[in-house]
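Examination of the molecular architecture
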Amino acid sequence: GRTAPWKGYATLLDGFERAVGQGLDARLEIRGPSSNDAERTHRAELAARIAGSAVLAARAELAEPVARGGIPSLLGSADALVTAADSGSATQTLDKVVYEASACAVPVIASNPALAGYLEGLPVRLDFRPGDAADLARALLEFGAAPAALRERTGLELRERVERGHSVDTWADRVVAVVREVSGG
């Protein structure tokens, strides 16, 4: 996603750094455009934060955006997608990257309270409190400690959930049902 401050990248970097400090063996890649002055300024802040930490400099990368067609491949190469959007942001209702990752069977670790129902009851707990780097570190450590088969099962369950509730076919069926209801038949 874009490098907007409300995306929670500062929390992401802090939580990741804590988790690595507690033994997590992982790499973090942040990708996305900076399309206005505020986003460019924040990107520079994130780059400075990464460069200023030995842990982050060795394990985190602030990379260029990926073309739309490359997103499935990028997501498919990841063990998890982490989204730390700040509470009250526009993504509190829908964050399409969550559903894109889910469609690729990639587990999503998220702080968005609007996703609580979507993420509940999975084989591995994937939620953390918005803005809470310590809770994100806990989630990352728990995810990293889970057996690979359990993480894979979690991703597959999310894929089933996105197909059942958020696919184009499902949405089209809902639109048709609403139109029929409104039009009386």
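Our subject is the structure listed above.
Residues numbered from 1 in each chain as written. Predicted model: local features only at pLDDT ≥ 70, side-chain atom pairs only at ≥ 80, totals over all residues. Heavy atoms only, no water.

With that out of the way, let us pick up the overall build of the protein. When you go through the protein residue by residue, the secondary structure sums to nine helices and four strands. Going from N to C terminus, the protein has its helices and strands arranged as α-β-α-α-β-α-β-α-β-α-α-α-α. Out of the 185 residues belonging to the protein, those deemed buried represent 39%. Partitioning the contacts of the protein with sequence separation of at least 6, the portion at a separation of at least 24 is 66%. For the protein, the exposed area adds up to about 9700 Å²; of that, 55% sits on carbon and sulfur atoms. (Helix = DSSP H or I, 4+ residues; strand = E, 2+ residues; numbered from the N terminus. Buried < 20%, exposed > 50% of the residue type's maximum accessible area, 1.4 Å probe, protein only. Contact = heavy atoms within 4.5 Å. Areas by Shrake-Rupley, 256 points an atom, 1.4 Å probe, with all protein chains shown as cover.)

Right, let's get into the pattern of salt bridges. A complete count under the given rule lists 17 salt bridges for this structure. Close ionic contact of Arg-31 with Glu-29 constitutes a salt bridge, the shortest N to O distance being 2.4 Å. A relative accessible area of 28% means that Arg-31 is categorised as partly exposed. Judged by relative accessible area, which is 39%, Glu-29 ranks as partly exposed. With a shortest N-O distance of 3.0 Å, Arg-138 and Glu-142 are connected by a salt bridge. On the criterion of helical spacing, the pair formed by Arg-138 and Glu-142 is a turn pair, its members being four residues apart in helix α7 (residues 133-145). Overlapping salt bridges, with partners in common, bring together Arg-129, Asp-132, Asp-135, Arg-138 and Glu-142 in one network. (Salt bridge = Lys/Arg side-chain N within 4 Å of Asp/Glu carboxyl O.)

This brings us to the packing of helix α1 (residues 9-21) against α7. At a closest axis distance of 8 Å, the pairing of α1 and α7 adopts a crossing angle of 55°. Taken together, the axes of α1 and α7 are oblique relative to one another. Where α1 crosses over α7, the two elements pack in a sense that is right-handed. For the pair α1 and α7, the contacting residues are Thr-11, Leu-12, Asp-14, Gly-15, Phe-16, Arg-18 and Ala-19 in the first and Ala-133, Ala-134, Leu-136, Ala-137, Leu-140 and Leu-141 in the second. (Axes fitted to C-alpha atoms, helices over the stretch in contact; angles between N-to-C directions. Parallel < 35°, antiparallel > 145°, perpendicular 65-115°, else oblique. Left-handed = near helix turned anticlockwise from the far one by under 90°.)

Another aspect to go through is the packing of aromatic side chains. Enumeration over the complete set of coordinates arrives at one aromatic pair. Each ring, one from Tyr-99 and one from Tyr-118, has its centre 5.2 Å from the other, and the planes form 70°; the classification is edge-to-face. Taken together, the positions of Tyr-99 in helix α5 (residues 96-103) and Tyr-118 in helix α6 (residues 116-119) put the pair 19 residues apart, joining distant regions of the chain. It is Arg-151 that lies over the ring of Phe-143; its NZ or CZ is 5.6 Å from the centre. (Phe/Tyr/Trp six-rings, centres within 6.5 Å; stacked < 30°, edge-to-face > 60°. Lys NZ or Arg CZ within 6 Å of the ring centre and 35° of its normal.)

Moving on, we come to the nonpolar core. Counting 40 residues, the largest nonpolar core has Leu-13, Ile-109, Tyr-118, Leu-119 and Leu-126 as the members making the most contacts within it. Of the residues forming this core, the biggest block, six residues, is contributed by α1. Leu-119 has contacts with Val-108, Ala-110, Leu-126, Leu-158 and Arg-161, leaving out every residue within four places of it along the chain. (Core = buried A, V, L, I, M, F, W, Y, C linked by side-chain atoms within 4.5 Å.)

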